[in-house]
Amino acid sequence: MANVNITINGQKLQAESGKTVLEVARANSIDIPVLCYHPALSPQGSCRLCLVEVEKQRALQPACTFPISEGMVVQTESEKVQASRKFVLELLFSERLHYCMYCPMSGGEALTECELQAQAYRHGLTNWKYAPNTSKRWPVDASRKYFLMDHSRCILCRRCIRACDEIVANHTLGVRDRGTRTMIIADGDVPFGESSCVSCGTCLQVCPTGALIDRRSAYMGLQTEVERTKSTCMACPVGCGIEAATRSNQLLRVEGDWDAHNGGLLCVDGRFAVVEPPTDRITVPMMRRDGELVKASWDEAATAIAQRLQSTGPAAGLASPRLPSESLSAFRRFFREVLGSDEVGLLYGELPPVDVGPFATLPELSAADGILLVGGAPLRDQKVVGYTIKRAVDQGTTLIVVNDTPTDLDPYATKSLKVADLAQATTALAPSERLVVVYAPGLAPEVYASLRNLPAKTRFLPLIQGTNTAGAARVGLTVRAVQGAGLFVMAGDDATDGRSLPAAEFTVVQAAYRSAWTEAADVVLPSRTWSERSGHIVNIEGRELPVVAFLEAPKGIKTDAATLDLLADRVVRPMREAAR
Amino acid sequence: MDKVEVSTSQTSAGEPLFRTDVLICGGTGCHSSNSHAVLEALSAEVARRGLADEVRVIPTGCRGFCSMGPVMMMYPEGILYCQVQTGDVAEIVEETLVKGRTLERLSYQEPIQHKALPLYHDIPFYGKQIRIALRNCGLINPESIDEYIARDGYGALGKVLADLTPDDVIREMKDSGLRGRGGAGFLTGLKWEFARRSQATPKYVICNADEGDPGAFMDRSILEGDPHCVIEGMTIAAYAIGAAEGYVYCRAEYPLAIARLEQAIAQAHEYGLMGENILGSDFSFDLYVKQGAGAFVCGEETALMASIEGQRGEPRPRPPFPAVSGLWNKPSNVNNVKSYAMTPQIVLKGASWFKGIGPAKSPGTAIFALTGKINNTGLIEVPMGIPLGEIIFDVGGGMPTGKQFKAVQTGGPLGGCLPASALNTPVDFDSLTEAGATMGSGGMIVVDEDTCMVEFAKYFLTFASAESCGKCVPCRVGGQRLLEVLTRITEGKGVRADLDIIKELSRNMQAASLCSLGQLTPGPVVSGLRFFEKEFLSHIDDKSCPAGQCKALVRAKCINACPAGVESPAYLALVAQGRYAEGLEIHRQRNPFASICGRVCPAFCEQRCRRGEIDEPISIRLVKRFMADQEFTKPWQPARTQAAKAQQVAVIGAGPGGLTAALRLAQRGYRVVVFEKLPIPGGMMAVGIPEYRLPRETLFAEIENIERAGVQIRCNQSLGDDFTLDDLLDRDGFNAVILATGAHKSRRLGIAGEEKQGVLRGTDFLREVSLINRRGQGENRAAGPDPVAAISGRRVAVVGGGDVAIDAARTAWRLGAAAVHVIYRRQRQDMPAHAEEIEAALHEGIQFHFLANPVRVLGDTRVAGVAVRRQRLSDFDGSGRRRPVPADGDEYTLDVDVLIPAIGQSTDLSWLTANGSSQAIETTKSSTFVVADAFNTTRAGVFAAGDAVSGPATVVQAVAQGNLVAEAVDIWLQTGELVKPLYETPRPDIVQLYDLDEYAIARRPQSPELAPDRRQGNFCEVELGFDERTAREEAKRCLRCDLEWLDYMKLPRPQTEAQPQDAVLDVNKG
């Protein structure tokens, strides 16, 4: 694209033609206030706060939609512009119940809190120009589990609707009526909790005011008073980029990282479920005495484990795929080098062949012109992948689903075929320039073989099961049946999900929470949770992503490496001493 | 001009030729007044009479004359019948179709001269029209493509496909100067060029038929009456821009238009005029109809396209413009129905033909749906540039029932209203915008004096804000805030600052809204405030709605219309019950001159009476007269409401204003002296209004009532000659003076010879006559010296059209003038005098010369005739009437001996300069006193009211001022503060004792009058008044709006009282 010359507030600038005035202004640190605009959403030019004066234009023009052109002269702070902004804000404050002191989003002049309030501060609104609405009441919809909608604080900017449409492609939200009777609604105006909403929370993340409020973190601190840490979600192998908001070593909220491969998008598991973990945390080692698990010191526990693992006979180990690669690697090393055992594996997890071709990224999936889904149920198991496929379909991408059982994505597919008809699917997608194949584990080898034969430009996205199954594979851990008289299970913060452990004479479970496994174990060791660990995982794109601890573990809970080091020491020390 | 009288008798299909075609309008307007039944009846009758081979009956689309529907036309004669019902059919067949006679009864009646105009082209409604888009509407059967083809249909498409390149077509359209008829007025050819230049494919042509303005039906009528012309226009546009697909976006509320369109599209397919390889060319085009759900905003092109796409119909910012990225993000061209409808004619007849019609910058014709308070409502197509007034008064036939034109709203709910002063505005895009309104899509709503401009603006705002899509903040919230402000003003809760809020909200909405709906929403309010600010201020300052429309402020329209606020419904209800004294008491709380006003009041109340909207207004004045005349035995003793006060007030002038002020102050305990220059009290009531209208005993009886209240009246006391203001205030101990000196000085004509003997001033003449009679030199007799001698046996000409002129003429006639002429420069309907007075003057044999103006008084020293020049009417003046200007060279002599100019009066202010007043009092250019809100003049302690402040007015208006000035003086004397007075009296809620339904068909009675042959030579009262039964029956026709108002305001209705004591008349049975 050619460059054009434009002038903003007397400043001569060059920018790519096709950009909007707002984009150019932002790139040059010229602040134009916005409300309905969000960089992740298509601009709609409806709040009219970003109106600027463009020479030769009869009316003020919205910076967020107005394209630049050669020689354009723009004023963003003229008297006319400022008057118009103030007018818009005055109207918004008169429309519903914007009594800031009662709102959890109140309190900051920074745009990280309520953007409406911040703009009011910026434009010097000190009183209500038009009498605020005192007679009318707007409902609060609290039918969703994790967050609620207070219509009285809604400014109808429709960011939520666009997020639901354009980012999640779920199309739950819309508007009802027109004029001042306009209301944000779900589906055909049903309570949000009864709607097709998937509680991904993207709408919550983009809401500029206190209309959409997170139940847990409401009133728990201003944005300026929380710490924000970028990390990787451990809920599934998509490994979405997140920003964890913490305060006083408490996780308040998880938000999607706009800059990561998931583009800010998260699912209910990654955004909400993780914030409210089980309460029965294990904080000290425990040993079974007289049939009862009782507190023990690290030294007692480690010594007992070392003795029993050696004395009981060959030892076997199982690790959770939700552990970072570093922990898994240490676990593997502990067994091989300390215990001299190869009887190690993963508790669960499935990994399809990852060598069928080059990995696709999520942005590539989003921009694909053809998607072939072979097996799997991404809307259930790797939700963000499922949303991304739906989004691509909305933009005109051809989706062909190949599966012998019906899947949630069938309604969006151009065609749904049986696995035996895979060739038909690849033929249909042959014209695709940017084909992405999304494939599940557990299919017949000839299926993978035929995928390998697709044109070289094809990209592949494996639907791995288990958060770090791919990382585990790289350190040699896979799902397998292990055998041993002594069993060491490194469960981390994983739940049992009804799975039972193999029988053993002596069982050690390292876990963050009490479970059926810990209740049956001989020795229980405390574990850190994902939010307290640092390390890496390998996600479905085959990329190694950093997991950054953003909470401090309760005192006395060792890292996985320290735990294994201690055990190694207890195993090795008697040998060393004996050898001396 | 489209005066082609092509009979559609011979079609291209070669059907037999008929002797006569009878076209019956099947447009929605006529359809709703049963035209389909007329069509059936006529077809049956034609068949029964064996005329089926000679006469063809054809249903057509709308011919526009909706107020006269069902409309029937007969060709080749061009006969037009109005309001035809099934009962007329047999007569039409017998008289017109068989015997060839036109029926006057069914012909259009020209409203002024009441002349029957049977021929289409003689009717002014059609005479000034030029029909391009509407050329076929009402002339062809819209369901027949053959009839369209017979009228050159698809000729333009053939020419385009055979001879023209797309660029040629675009050039022709650009050269024609056609501007988009949807309202924005963008050059159509240029728009096409933009779409043609866009590289992306496919491209779309879209027709905007989402006509949503209240009262607008231009697009619908075209689609219903001539769907093929739109289809042809769109096909040409598609060829020009390179589109293969088109959509007509038509609201679902137009089922007939949709059905006709779909049928027409099917016919076009059948004839090879649509679809693949049209007329054997390479060009292919398909057209689809998309039904809209009726959201007003979908008329905005981007919202319209969103709606076609299946999305919520909401606009989006432009750029990108549709020509670049429109329907499904592809280049699209959106034009209005009317623009496409004009296209084939432009292609056929050429750009220069079109450009030759109307002004250069807005060529062609404009189509309007004319509605509101106008005689000829309907659909019209006029050349651009025609003055607004010509549309309203010539094509539209002016206001019905003699009401005053007030404003015209153009551009629909997003347009603006223009006042009478804008009637000369040429109708085109730029002139209307400049005047403060918009062209819009073609709605034109005319309103008369009964429309409140605040309420009118609120009506449109209610519509526009309800239709706001709610997407952008300025429109969604701003419209609502604006509506709230207007609502509180109409409820009497507004404050002055609200006007600034209106202006600020409007300015910002116009600047900041996303689409034209929001940008134009404030239009009616802004123009309303610009042209009718006084009316807004009345609501805010006086809590009054002058037009009588705002419910919260108007208890009943009659009370509201009365300048003095007399409670007509209350006393009508009491008269109905025979309780005359109580009724009179209520009347006198606001107006002490019931008997006088029962005779001479112009009865503003009756002009607004809601009963008049059903049949005829209540005869309030005559009921009042009867009520007042029942009081002879026991004269009124006005009640003293407050204790006696030490202060005293002098009133100068014993006219209705001065006497009322004196009465009110006396009732409040002041000592009041009235100084009157003339030998008799009464002012204009005594020396202006002739005795045959107001007998002197009636007048003096009511003046005596005022004296009974303690008011002293001193006659023959002239300010300036006998005393000065200083004398009153400094010497005589008066604490305040009220100047109520009236307007007794006749204006001069300003022509040569006006000083000659025999020229008598109108007011002087009437005064002299009154005083002669008063001096007893001939009780009701026309005998004696001047001015009687000056008139008797002479030929008299009176100049003017007001009450004084008519009074002078009728007086002269009574004095035995040999001939009496009235010379008036405008037309009869423009005369400000009472219609009944004019009628009576005609009965008495007075000759009127309309459109005539005296230019010279002839004779040496005495009047020996007057030279009169004929006038013609030119453009409109500020009063909404056409301005009379001299017609070229046409002058004649009226052979008269006496000339009485009566063209208006002013206040005699000679005393101001003559006397020794220590402080001059400021006056206006029109010789009235300058007064502030409290009626205080520029001299402390001196107040003024009546004609001396307002200029010549009526008795009741003077009374109103008298009430108010007394209130103001009272407040000033008690508190020393000058405040705007509000004269309030308790609200008398009178119970409703009879069943209104019983009077549903009762008619307004007439008063008996003295026969014209018994009037000459005397001044006996002409109008004789109602008898008791008539008065009481008439009073029961009152709809009791005052009680409905109680319901509206959620106030309790008065409890049922005992039956009236006077049960002599059982009127329900009577």
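Model, not experiment: these values are computed from the prediction.

J.: Summarise the overall build of chain A; cite the residues concerned and give the values.
T.: Scanning chain A from N- to C-terminus turns up 16 helices and 27 strands. Each principal axis of the C-alpha atoms in chain A carries an extent, and together these give about 90 × 60 × 50 Å. Per-residue burial for chain A yields a buried fraction of 57% across its 580 residues. Across chain A, contacts joining residues at least 24 apart in sequence account for 65% of those joining residues at least 6 apart. The distance from the centre of the 62 positive side-chain charges to the centre of the 65 negative ones in chain A is 3 Å.

J.: Pulling in residues and values, what's your account of the overall build of chain B?
T.: When you go through chain B residue by residue, the secondary structure sums to 42 helices and 29 strands. Here the C-alpha atoms of chain B give a radius of gyration of 34 Å, agreeing with the 31 Å that 2.2 N^0.38 yields for 1070 residues. When its C-alpha atoms are laid out on the principal axes, chain B stretches across 105 × 65 × 65 Å. Taking all 1070 residues of chain B together, the buried fraction comes to 62%. Contacts spanning at least 24 positions in sequence make up 70% of the contacts within chain B whose residues lie at least 6 apart. Of the roughly 39500 Å² of accessible surface on chain B, 49% is carried by carbon and sulfur atoms.

J.: Provide a residue-level description of the sheet that holds strand E10 (residues 332–336) of chain B, including the pertinent values.
T.: Residue and element names in this part refer to chain B. Here we have four strands laid out as an open sheet, ordered E9-E8-E7-E10, and parallel in their pairing. Of all strands in the sheet, those with a lone pairing partner are strand E9 (286–292) and E10, marking the two edges. Going from strand to strand, the sheet's axes swing by 20 degrees on average, the running direction of each strand aside. Relative to strand E8 (residues 245–251), strand E7 (residues 204–209) runs parallel, the two sharing six bridges. Across the sheet, residue Cys207 finds its bridge partner in E8, namely Val248.

J.: Could you give an account of the pairing of strand E21 (residues 795–799) of chain B, with specific residues and numbers?
T.: Residue and element names in this part refer to chain B. Most of E21 is tucked away: four of the five residues are buried. Of the pairings in the sheet, the one linking E21 to strand E22 (residues 819–823) comprises five bridges and is parallel in character. The residue bridging Val796 from the neighbouring strand is Val820, located in E22.

J.: Report on the nonpolar core, specifying residues and quantitative values.
T.: Residue and element names in this part refer to chain B. One finds Ile738 and Val969 to be the most contacted residues of the largest nonpolar core, which totals 76 residues. By residue number, the principal contributor to this core is helix H40 (residues 955–975), which donates eight residues. Membership of the second largest hydrophobic core comes to 69 residues, among which are Ile140, Ile145, Ala156 and Cys229.

J.: For the interface of chain B and chain A, give the residues involved together with the corresponding values.
T.: Across the contact, 30 residues belong to chain B and 36 residues belong to chain A. When the buried area of chain B at its contact with chain A is split by residue, Val473, Arg476 and Arg481 of chain B rank highest and sum to 22% of it. At the junction of chain B with chain A, the criterion picks out four salt bridges. Of all the secondary-structure elements, those providing two or more residues to the side of chain B that touches chain A are helix H17 (453–467), helix H18 (473–490) and helix H19 (497–512) of chain B. A per-class count over the side of chain B that touches chain A returns 15 nonpolar, seven polar and eight charged.

J.: I'd love a proper account of the pattern of salt bridges, names of residues and values included.
T.: Residues and elements named next belong to chain B. For the structure shown, the criterion picks out 109 salt bridges over all chains. With a closest N to O distance of 3.6 Å, Asp908 and Lys677 form a salt bridge. Here Asp908 is found in the loop between strand E28 (905–906) and helix H38 (910–914), whereas its partner Lys677 is found in the loop between strand E17 (671–675) and helix H31 (684–687), with 231 residues between them in sequence.

J.: I'd like a description of the environment of Phe331 of chain A, backed by residues and values.
T.: All names here are of chain A. Considering the arrangement of structural elements, one finds Phe331 in helix H8 (residues 325–339). Relative accessible area serves as the criterion here: at 0%, Phe331 is assigned to the buried category. Sequence spacing of Phe331 and Pro546 is 215 residues, and the spatial spacing of their C-alpha atoms is 19 Å. Every residue in contact with Phe331, bar those within four places of it in the chain, is listed here: Gly317, Leu318, Ala319, Val344, Leu477, Phe488, Met490 and Leu564.

J.: I'd like a rundown of the domain arrangement of chain A, residues and numbers included.
T.: Taken as a whole, chain A is organised into domain 1 (3–77), domain 2 (100–275), domain 3 (286–350 + 470–579) and domain 4 (362–463). A C-alpha centroid distance of 40 Å is found between domain 1 of chain A and domain 4 of chain A.

J.: Can you tell me about the packing of aromatic side chains, naming the residues and giving the values?
T.: The way to describe two aromatic rings as a pair is by their centre distance and the angle between their planes. Throughout the structure, instances matching the rule amount to 37 aromatic pairs over all chains. Linked through ring pairs, Phe65, Tyr108, Tyr120, Phe125 and Tyr126 of chain B together constitute an aromatic cluster.

J.: Let's hear about the confidence of the model for chain B: which residues, and what values?
T.: Residue and element names in this part refer to chain B. Per-residue confidence for chain B gives a mean pLDDT of 90; residues scoring 70 or more make up 95%. Across residues 1–14 the pLDDT falls below 50, and counting only partners more than four positions away or on other chains, this stretch makes 32 contacts in the model. A low-confidence stretch, residues 775–785 (pLDDT under 50), is modelled with 20 contacts involving residues beyond four sequence positions or located in other chains. In the predicted complex, the global pTM is 0.89; the interface-specific ipTM is 0.91.

J.: Got a sec to walk through the sheet that holds strand E19 (residues 398–402) of chain A? Specific residues and values, please.
T.: Residue and element names in this part refer to chain A. If you trace the five strands from one edge of the open sheet to the other, you get E20-E19-E18-E21-E22, paired in parallel fashion. The open sheet is flanked by strand E20 (415–417) and strand E22 (459–462), the only strands paired with a single partner. With strand direction ignored, the average angle separating the axes of adjacent strands in the sheet is 15 degrees. Here three bridges tie E19 to E20, and the two strands are oriented parallel to one another. Within the sheet, the bridge partner assigned to Ile400 lies in E20 and is Lys415.

J.: Describe the side chain of Asn335 of chain B, listing the residues and the values that go with them.
T.: With respect to the helices, strands and loops of the structure, Asn335 of chain B is situated in strand E10. With near-sequence residues (within four places) excluded, Asn335 of chain B lies in contact with Thr188, Lys191, Trp192, Ile206, Cys207, Asn208 and Tyr340 of chain B.

J.: Break down unusual backbone geometry for me, with residues and values.
T.: Here the residue pair Tyr75 of chain B and Pro76 of chain B is connected by a cis peptide bond, since its omega of 15 degrees sits within 30 degrees of zero. Pro319 of chain B follows Arg318 of chain B through a cis peptide bond whose omega is 0 degrees. Its location among the elements puts Pro319 of chain B in the loop between helix H12 (301–308) and E10. Notably, Arg158 of chain A is not glycine yet its phi reads approximately 65 degrees, a positive angle. On the accessibility criterion, Arg158 of chain A (7% relative accessible area) is buried.

J.: Tell me about the side chain of Glu301 of chain B, and name the residues and values.
T.: Residues and elements named next belong to chain B. You can see Glu301 is positioned in helix H12. Polar contacts involving the side chain of Glu301 include one to the side chain of Arg318, which spans 2.6 Å. The residues contacting Glu301, other than those within four sequence positions of it, are Lys191, Arg318, Pro322 and Val334.

J.: Residues and numbers for the pairing of E22 of chain B, please.
T.: Two faces, one strand: in a regular strand the side chains alternate between the faces of the sheet. All names here are of chain B. Among the five residues that make up E22, five are buried, leaving the element largely enclosed by the rest of the structure. Alternating residues of E22 divide into Ala819, His821 and Ile823 and Val820 and Val822, and every residue in both groups is buried. Since E21 and E22 lie parallel, the crossover through helix H36 (residues 803–814) that links them has a hand, and here it is right-handed. Relative to strand E23 (residues 847–849), E22 is paired through three bridges, and the arrangement is parallel.

J.: Explain a nonpolar patch on the surface to me, using residue names and the numbers behind them.
T.: A surface patch of nonpolar side chains, about 240 Å² in accessible area, is lined by Phe186, Leu187 and Phe194 of chain B. What makes Leu187 of chain B partly exposed here is its relative accessible area of 31%.

J.: Explain the packing of helix H10 (residues 227–241) of chain B against helix H11 (residues 255–270) of chain B to me, using residue names and the numbers behind them.
T.: All names here are of chain B. Relative to each other, H10 and H11 sit at 60 degrees, their axes nearing to 9 Å. Looking at the two axes, H10 sits oblique to H11. In the crossing of H10 with H11, the sense of the turn from one axis to the other is right-handed. In this structure, H10 uses Pro227, His228 and Ile231 to contact H11, whose residues at the interface are Arg260, Leu261, Ala264, Ile265, Gln267 and Ala268. Of the residues contributing to the contact of H10 with H11, the split by class is six nonpolar, two polar and one charged.

The rules we used
- Residues numbered from 1 in each chain as written.
- Chains lettered and ligands numbered in written order.
- Predicted model: local features only at pLDDT ≥ 70, side-chain atom pairs only at ≥ 80, totals over all residues.
- Heavy atoms only, no water.
- Helix = DSSP H or I, 4+ residues; strand = E, 2+ residues; numbered from the N terminus.
- Buried < 20%, exposed > 50% of the residue type's maximum accessible area, 1.4 Å probe, protein only.
- Contact = heavy atoms within 4.5 Å.
- Lys, Arg positive; Asp, Glu negative; His and termini not counted.
- Charge placed at Lys NZ, Arg CZ, Asp CG, Glu CD.
- Rg over C-alpha atoms; globule rule 2.2 N^0.38 Å.
- Areas by Shrake-Rupley, 256 points an atom, 1.4 Å probe, with all protein chains shown as cover.
- Pairing = 2+ DSSP bridges.
- Axes fitted to C-alpha atoms, helices over the stretch in contact; angles between N-to-C directions.
- Core = buried A, V, L, I, M, F, W, Y, C linked by side-chain atoms within 4.5 Å.
- Buried area = accessible area lost by both parts, 1.4 Å probe.
- Salt bridge = Lys/Arg side-chain N within 4 Å of Asp/Glu carboxyl O.
- Nonpolar A, V, L, I, M, F, W, Y, C, P; charged D, E, K, R; others polar.
- Domains from an automatic or database assignment.
- Phe/Tyr/Trp six-rings, centres within 6.5 Å; stacked < 30°, edge-to-face > 60°.
- pLDDT = per-residue confidence, 0-100.
- Polar contact = N/O pair within 3.5 Å; in protein donor to acceptor, adjacent residues only side chain to side chain.
- Right-handed = clockwise from strand over helix to strand, strands pointing away.
- Patch = residues over 30% accessible without salt bridge, like charges linked within 9 Å, V, L, I, M, F, W, Y side chains within 5 Å.
- Parallel < 35°, antiparallel > 145°, perpendicular 65-115°, else oblique.
- Left-handed = near helix turned anticlockwise from the far one by under 90°.

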